[in-house]
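Next come the chains, spelled out residue by residue.
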Amino acid sequence: YLIFEILNLMIVRILHSNPISIIEPGFKEQGIKNHSAKEVFDFLRKDYRWSSFPDYVSIKNFPSVTRRNFILDTMGGEKGLVDNLMDWILYKRELAMYESTLISQRE
(Lines give C-alpha, C1' and ligand atoms only; values in the text may rest on other atoms or scores of the structure.)
Protein backbone atom coordinates (compact mmCIF):
# COMPACT_ATOMS: atom_id res chain seq x y z
CA TYR A 1 0.00 0.00 0.00
CA LEU A 2 2.84 2.42 0.80
CA ILE A 3 4.43 1.83 -2.59
CA PHE A 4 1.08 2.59 -4.24
CA GLU A 5 0.83 5.91 -2.36
CA ILE A 6 4.38 6.88 -3.31
CA LEU A 7 3.78 6.05 -6.96
CA ASN A 8 0.54 8.00 -6.92
CA LEU A 9 2.30 11.07 -5.49
CA MET A 10 5.01 10.82 -8.11
CA ILE A 11 2.58 10.40 -11.00
CA VAL A 12 0.46 13.35 -9.87
CA ARG A 13 3.54 15.54 -9.47
CA ILE A 14 4.94 14.60 -12.86
CA LEU A 15 1.63 14.91 -14.66
CA HIS A 16 0.63 18.27 -13.27
CA SER A 17 4.08 19.85 -13.10
CA ASN A 18 5.15 19.15 -16.70
CA PRO A 19 3.74 22.47 -18.03
CA ILE A 20 6.08 24.37 -15.71
CA SER A 21 8.78 23.80 -18.32
CA ILE A 22 6.99 26.35 -20.54
CA ILE A 23 7.80 29.18 -18.13
CA GLU A 24 10.85 27.57 -16.50
CA PRO A 25 12.81 25.59 -19.08
CA GLY A 26 15.03 23.04 -17.38
CA PHE A 27 13.18 23.22 -14.06
CA LYS A 28 13.26 19.44 -13.62
CA GLU A 29 17.05 19.44 -13.52
CA GLN A 30 17.85 22.94 -12.30
CA GLY A 31 14.83 23.95 -10.23
CA ILE A 32 12.56 26.97 -10.53
CA LYS A 33 14.73 30.06 -10.88
CA ASN A 34 12.71 32.90 -12.37
CA HIS A 35 9.27 32.67 -10.78
CA SER A 36 7.90 32.54 -7.26
CA ALA A 37 6.07 29.43 -6.10
CA LYS A 38 2.81 31.40 -6.23
CA GLU A 39 3.45 32.48 -9.83
CA VAL A 40 4.15 28.89 -10.86
CA PHE A 41 1.07 27.58 -9.05
CA ASP A 42 -1.12 30.31 -10.59
CA PHE A 43 0.26 29.45 -14.03
CA LEU A 44 -0.77 25.82 -13.54
CA ARG A 45 -4.13 26.73 -12.03
CA LYS A 46 -5.26 29.58 -14.29
CA ASP A 47 -2.97 30.26 -17.22
CA TYR A 48 -2.15 26.88 -18.76
CA ARG A 49 -5.41 25.65 -20.24
CA TRP A 50 -4.17 22.36 -21.74
CA SER A 51 -3.97 20.55 -18.44
CA SER A 52 -6.48 18.74 -16.27
CA PHE A 53 -5.09 20.45 -13.16
CA PRO A 54 -7.66 23.28 -13.14
CA ASP A 55 -10.43 20.68 -13.07
CA TYR A 56 -8.84 19.11 -10.00
CA VAL A 57 -8.92 22.47 -8.19
CA SER A 58 -12.56 23.33 -8.98
CA ILE A 59 -11.94 25.41 -12.09
CA LYS A 60 -13.93 24.02 -14.98
CA ASN A 61 -11.57 23.48 -17.87
CA PHE A 62 -12.25 20.08 -19.41
CA PRO A 63 -14.38 18.44 -16.71
CA SER A 64 -16.13 16.10 -19.12
CA VAL A 65 -12.87 14.39 -20.14
CA THR A 66 -11.41 13.81 -16.69
CA ARG A 67 -12.40 11.45 -13.94
CA ARG A 68 -10.98 13.00 -10.85
CA ASN A 69 -12.53 11.09 -7.96
CA PHE A 70 -9.91 8.34 -7.73
CA ILE A 71 -6.96 10.75 -7.62
CA LEU A 72 -8.71 13.17 -5.30
CA ASP A 73 -9.72 10.36 -2.95
CA THR A 74 -6.20 8.97 -2.77
CA MET A 75 -4.66 12.43 -2.36
CA GLY A 76 -6.92 13.53 0.49
CA GLY A 77 -9.18 15.70 -1.63
CA GLU A 78 -8.44 18.93 -3.42
CA LYS A 79 -6.44 20.30 -0.47
CA GLY A 80 -4.22 17.23 -0.40
CA LEU A 81 -3.58 17.49 -4.13
CA VAL A 82 -2.81 21.20 -3.91
CA ASP A 83 -0.53 20.70 -0.89
CA ASN A 84 1.34 17.90 -2.68
CA LEU A 85 1.91 19.95 -5.82
CA MET A 86 2.84 23.08 -3.86
CA ASP A 87 5.37 21.06 -1.86
CA TRP A 88 6.92 19.94 -5.16
CA ILE A 89 6.98 23.50 -6.50
CA LEU A 90 8.58 24.80 -3.29
CA TYR A 91 11.16 22.00 -3.39
CA LYS A 92 12.08 22.89 -6.98
CA ARG A 93 12.26 26.59 -6.04
CA GLU A 94 14.52 25.87 -3.06
CA LEU A 95 16.67 23.61 -5.21
CA ALA A 96 17.42 26.51 -7.54
CA MET A 97 18.11 28.88 -4.64
CA TYR A 98 20.53 26.48 -2.95
CA GLU A 99 22.23 25.67 -6.22
CA SER A 100 22.85 29.33 -6.97
CA THR A 101 24.16 29.86 -3.41
CA LEU A 102 26.56 26.94 -3.73
CA ILE A 103 27.79 28.14 -7.11
CA SER A 104 28.36 31.66 -5.70
CA GLN A 105 30.34 30.27 -2.80
CA ARG A 106 32.60 28.30 -5.14
CA GLU A 107 33.47 31.38 -7.18
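Residues numbered from 1 in each chain as written. Predicted model: local features only at pLDDT ≥ 70, side-chain atom pairs only at ≥ 80, totals over all residues. Heavy atoms only, no water.

**Topic: a nonpolar patch on the surface**
- A cluster of nonpolar side chains, namely Leu2, Ile3, Ile6, Leu7, Met10, Ile11, Ile14 and Leu15, defines an oily patch on the protein surface of about 800 Å² accessible area.
- Looking at the secondary structure, you find Leu15 in helix α1 (residues 2-17).
- The exposure class assigned to Leu15 is partly exposed, which follows from its relative accessible area of 49%. (Patch = residues over 30% accessible without salt bridge, like charges linked within 9 Å, V, L, I, M, F, W, Y side chains within 5 Å. Areas by Shrake-Rupley, 256 points an atom, 1.4 Å probe, with all protein chains shown as cover. Salt bridge = Lys/Arg side-chain N within 4 Å of Asp/Glu carboxyl O. Helix = DSSP H or I, 4+ residues; strand = E, 2+ residues; numbered from the N terminus. Buried < 20%, exposed > 50% of the residue type's maximum accessible area, 1.4 Å probe, protein only.)

**So, the nonpolar core**
- Counting residues in hydrophobic clusters, the biggest one holds 19 residues, and the most contacted among them are Ile20, Ile32, Leu44, Phe53, Ile71, Leu81 and Ile89.
- At the level of elements, α4 (37-47), α5 (53-56), α6 (69-75) and α7 (77-106) are the ones that each hand at least two residues to this core.
- Those residues in contact with Leu81, other than ones at most four positions away along the chain, are Val12, His16, Phe53, Tyr56, Ile71, Leu72 and Met75. (Core = buried A, V, L, I, M, F, W, Y, C linked by side-chain atoms within 4.5 Å. Contact = heavy atoms within 4.5 Å.)

**Comments concerning the confidence of the model for the protein**
- The share of residues in the protein with pLDDT of 70 or more is 92%, and the mean pLDDT across the chain is 87.
- Model confidence for the protein, summarised as mean pLDDT per element, is weakest for α1 at 82 and strongest for helix α2 (residues 20-23) at 96. (pLDDT = per-residue confidence, 0-100.)

**What about the pattern of salt bridges?**
- As enumerated under the stated definition, the model contains three salt bridges in all.
- Across the pair Asp42 and Lys38 runs a salt bridge, and its minimum N-O distance is 2.6 Å. With Asp42 and Lys38 both in helix α4, this residue pair falls four residues apart, about one helical turn.
- Measuring nitrogen to oxygen at the nearest pair gives 2.7 Å for the salt bridge that ties Asp83 to Lys79. Taken together, the positions of Asp83 and Lys79, both in helix α7 and four residues apart, correspond to about one turn of that helix.
- Note on Lys79: relative accessible area 59%, which makes it exposed.
- Residues participating in the shared-partner salt-bridge network are Lys38, Asp42 and Arg45.

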